[in-house]
Amino acid sequence: MSDALILRYLDGTATPEDVASLNELLKKDADARALLRTAAFQALTVADLRRVQVPRRDETARWNKWPLAAAAAVLLVVAAGVIWLTRPKAELLTVVRSTGAVTWNGSTLTVEGANSAAELRLIDGSTLMLAGDSEAAFSGTRGTEISLRRGSITVEAAPQPRTQPMVLRTPTAEAEVVGTCFTISAQTGQTMVTVGSGKVRLRRLVDGASADVAEGRMAVASLDATTPLESRKIPPLVSNWTQTFDAAPPAIWQGQWVPADAAGPGRLKNVLDVSYRKPDGTVVPAYVVSARNPSAMTTIRPDSVLRVKWRVGAPPVGALLLLSVQHSDGRFAGNFQTLLKPEEQAADEKGWRTFSAPVSSLEGVYPAGAKLPTVGRVLLFFMAVYTPKGELEVAEVTFE
Amino acid sequence: MSLSQEVIVRTLLAARTKISTSAWMVTRDVQAAEDIFQNLSVKALAGATPFELEAQLISWAHITARHEALNWIRSRKGRMACLDEAVLNLVAQEWEEAPEGPRLKALRGCLDGLPRDSRQILDLRYSEERPCDEIAKTLGLGLEAVYQRISRLHRALKQCTEQRLAT
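Residues numbered from 1 in each chain as written. Chains lettered and ligands numbered in written order. Predicted model: local features only at pLDDT ≥ 70, side-chain atom pairs only at ≥ 80, totals over all residues. Heavy atoms only, no water.

Enquirer: Explain helix α9 (residues 143-166) of chain B to me, please; I cannot follow it from the model alone.
Expert: The α-helix winds at 3.6 residues per turn, so residues separated by three or four positions along the chain end up facing the same way. The end-to-end C-alpha distance of α9 of chain B, which contains 24 residues, comes to 35 Å, matching closely the 34 Å that a straight helix rising 1.5 Å per residue would cover. Within α9 of chain B, burial applies to Val146, Tyr147, Ile150, Ser151, Leu153, His154, Leu157 and Thr161 of chain B. (Helix = DSSP H or I, 4+ residues; strand = E, 2+ residues; numbered from the N terminus. Expected span 1.5 Å × (residues − 1). Buried < 20%, exposed > 50% of the residue type's maximum accessible area, 1.4 Å probe, protein only.)

Enquirer: What am I meant to see in unusual backbone geometry here?
Expert: Most of the time, phi is negative for any residue but glycine, and the peptide bond is trans. In the segment running from Ala314 of chain A into Pro315 of chain A, the intervening peptide bond is cis, with an omega of -5°. Here Pro315 of chain A lies in the loop between β20 (305-311) and β21 (319-327). Cis geometry marks the peptide bond from Tyr366 of chain A to Pro367 of chain A, where omega comes out at -5°. Mapped onto the elements, Pro367 of chain A comes out in the loop between β24 (363-366) and β25 (376-385). A positive phi angle, near 50°, is found at Glu391 of chain A, a position not held by glycine. Among the secondary structure elements, Glu391 of chain A is positioned in the loop between β25 and β26 (393-399). Of note in the backbone geometry, Glu129 of chain B takes a positive phi value of approximately 55° without being a glycine. With a relative accessible area of 11%, Glu129 of chain B lands in the buried category.

Enquirer: Got a minute to help me understand empty space enclosed by the protein in this structure?
Expert: If you roll a probe as big as a water molecule over the atoms, it shows you where there is empty space left. Under the counting rule described, the total for this entry stands at four cavities of 30 Å³ or more. Empty space within the largest cavity amounts to approximately 120 Å³. Around the largest cavity, the lining is made up of 14 residues, and of these Pro161 and Thr163 of chain A together with Arg28, Arg125 and Glu129 of chain B lie nearest the centre. For the lining of the largest cavity, the residue count by class is five nonpolar, one polar and eight charged. Looking at the second largest cavity, it is lined by 13 residues, and the ones nearest its centre are Ala131, Ser152, Thr154, Arg292 and Leu379 of chain A. Where the lining of the second largest cavity is concerned, the elements lending two or more residues are β3 (127-139) and β4 (145-156) of chain A. (1 Å grid on protein atoms, 1.4 Å probe; cavity = no way out; pocket = protein on both sides within 12 Å on 5 of 7 lines; lining within 4 Å. Points joined across faces, edges and corners; volume = space filled by probe spheres on them. Nonpolar A, V, L, I, M, F, W, Y, C, P; charged D, E, K, R; others polar.)

Enquirer: I tried to follow the pattern of salt bridges on my own but got confused; where do I start?
Expert: Here the idea is simple: oppositely charged side chains can pair when their charged atoms come close. Under the defined criterion, the tally for this structure stands at 26 salt bridges over all chains. Glu135 of chain A is paired through a salt bridge with Arg150 of chain A; the nearest N and O atoms lie 3.7 Å apart. Taken as a pair, Glu135 of chain A in strand β3 and Arg150 of chain A in strand β4 lie far apart in primary sequence, 15 residues in all. With a shortest N-O distance of 2.7 Å, Glu68 of chain B and Lys43 of chain B are connected by a salt bridge. Highlighted residues: Glu68 of chain B in helix α4 (residues 54-75) and Lys43 of chain B in helix α3 (residues 30-46), separated in sequence by 25 residues. A residue is classified by how much of its surface remains accessible, and Lys43 of chain B, at 32% relative accessible area, is partly exposed. (Salt bridge = Lys/Arg side-chain N within 4 Å of Asp/Glu carboxyl O.)

Enquirer: Looking at this structure, how should I read the interface of chain A and chain B?
Expert: When the parts of a complex come together, some accessible area is lost, and that lost area is often used as the size of the interface. Facing the 64 residues of chain A at the interface are 66 residues of chain B. Taken together, the two surfaces of chain A and chain B that pack against each other cover about 6300 Å², and 60% of this comes from carbon and sulfur. Interface area lost by chain A to chain B is led by Arg37, Phe41 and Leu44 of chain A, which between them contribute 12%. Run the count over chain A and chain B and you get five salt bridges. Residue Arg125 of chain B is joined to Asp11 of chain A by a salt bridge in which the shortest nitrogen-to-oxygen separation is 3.7 Å. Taken together, the links from chain A to chain B amount to 15 residue pairs in polar contact (both at pLDDT 80 or more). With 19 residues, the top contributor of residues to the side of chain A that touches chain B is helix α3 (residues 30-53) of chain A. Here the side of chain A that touches chain B is composed, by residue class, of 31 nonpolar, 14 polar and 19 charged. (Contact = heavy atoms within 4.5 Å. Buried area = accessible area lost by both parts, 1.4 Å probe. Polar contact = N/O pair within 3.5 Å; in protein donor to acceptor, adjacent residues only side chain to side chain.)

Enquirer: I'm lost on the packing of helix α1 (residues 5-14) of chain B against α3 of chain B in this one. Help?
Expert: In a pair of packed helices, the angle between the axes and the distance between the axes together describe the arrangement. Residue and element names in this part refer to chain B. Remark: α1 packs on α3, axes separated minimally by 10 Å, with the N-to-C direction vectors making an angle of 160°. Judged by the inter-axis angle, α1 sits roughly antiparallel to α3. Remark: the crossing between α1 and α3 carries right-handed chirality. Counting all contacts with α1, which are made through Gln5, Ile8, Val9 and Leu12, the residues of α3 involved are Phe37, Leu40, Ser41, Ala44 and Leu45. (Axes fitted to C-alpha atoms, helices over the stretch in contact; angles between N-to-C directions. Parallel < 35°, antiparallel > 145°, perpendicular 65-115°, else oblique. Left-handed = near helix turned anticlockwise from the far one by under 90°.)

Enquirer: Before we go on, may I ask you to explain helix α2 (residues 16-27) of chain B in this structure?
Expert: All names here are of chain B. Counted at 1.5 Å a residue, the expected span for α2 with its 12 residues is 16 Å, and the 16 Å between its end C-alpha atoms agrees. Burial within α2 is extensive, with 12 of its 12 residues counted as buried. Buried residues of α2: Arg16, Thr17, Lys18, Ile19, Ser20, Thr21, Ser22, Ala23, Trp24, Met25, Val26 and Thr27, and no others.

Enquirer: Which parts of the structure should I look at to understand the packing of helix α8 (residues 132-139) of chain B against α9 of chain B?
Expert: Residues and elements named next belong to chain B. Relative to each other, α8 and α9 sit at 105°, their axes nearing to 8 Å. When the axis of α8 is compared with that of α9, the two are roughly perpendicular. Across the interface between the two elements, Cys132, Asp133, Ile135 and Ala136 of α8 pack against Leu143, Val146, Tyr147 and Ile150 of α9. Classifying every residue of the contact of α8 with α9 gives seven nonpolar, no polar and one charged.

Put into structure tokens, the structure is as follows:
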């Protein structure tokens, strides 16, 4: 009886009633107290041994901030004595790979530019993908207390300790994770969660309302507490998808809208964005038209055809076309791109060209050699030129 | 006369696992317990509390570890039920005063002698900090069976440790 209570308590699964019973037991029973001490001492010894036996690669000394400040004051005096205190501890996370402008300052990861992305791995094996203009801060002993300040993050969470699950916070909501694959995006005034597998508990910060969001469902938490916080089935995505610009496009689009005129149909004209940063921090700009939807725009198969009506200034320059694709369960599949060469596509009298090709003709560039999934979901459509005089315009994007 | 910083370091080191255990019994999180030990070590070295006796330092360290751990639990917003502070005090009062070094050495020897599957279950539970229900799924066992096996392992290790210390 005492063994079971103690183990449930140490496992974090004891109910308040269990803990009350254990309190009473421990007050009276010295053997039970000895067992608790013994089990706890053995537990820490086992954990310590494993850390010594399996040092992590790239380990560096890590201190919490305030002890570091305090230590600095006394370090000169007791330098020899406190060396042991700085024994290696794992970094909060590893940037597995990245593309575009990605910076990490030790606690905050910033991804700038529509087609920039970074894949991270936390100490517990969870993997995260930050993409587009996103910023997230990582704290907690495992880096699993994550503040998504803006943008979107896709999480493949390793099974989490029940006592300390991964928690993602945005300005409007908090999501508690057990072991799951999901995407969370923080937009102005609202947070959207879509769950590919597993389950996420979403809490709306404005009133504390919460909802469990299960596999295949989504929920939006906003600052509006008058509507119930509910999960709903993720709407099925169409496989034939067209965007024209005769009317102003939805907010997912990046670009300057130009209504139809004598020069052509309604269109989006490129805007300046960050492409990547050089090692010295210098920003390399790109002139971009893009659309990013964290809950995806359309489904594609490798034989789906992508058609884009586009135009550049004179002299014509090549344009980069890139798609960011995820698997149907929400895992990141890769970035796929091709270079549109003006000389390979005839222009009409107003300079408009049409690119049309199966999406399988795009090259998997991130990660290198990435393969399109049998059924994928397009998160990002991105086109860019890299000269200010490129004057990229896009009038239509179609997947069919 | 206050303890020198060298003595403080040596004393805390010699009781590190026990002090961390005081914190872990509350947090049940290895990394948090280790952070708490680091924090209180720095506090002790900073000299805000003068210690004249090693026993006084150890007592202070256990109390501070428990308080820091309780604060850590409170910061979890009530996600974990915790033992009463009075009970935790009682549990901590009964730590044996003998240095932990020989006990650690004996325990490590016992752990080395465990069958592979027994060591695996302890590693899953305490090194990887996986909850018992997950271990049950991983090993294809029932939850109660996992509790029983871990419980038996704790008792067997205790007995083995005592035997090694006695010889």
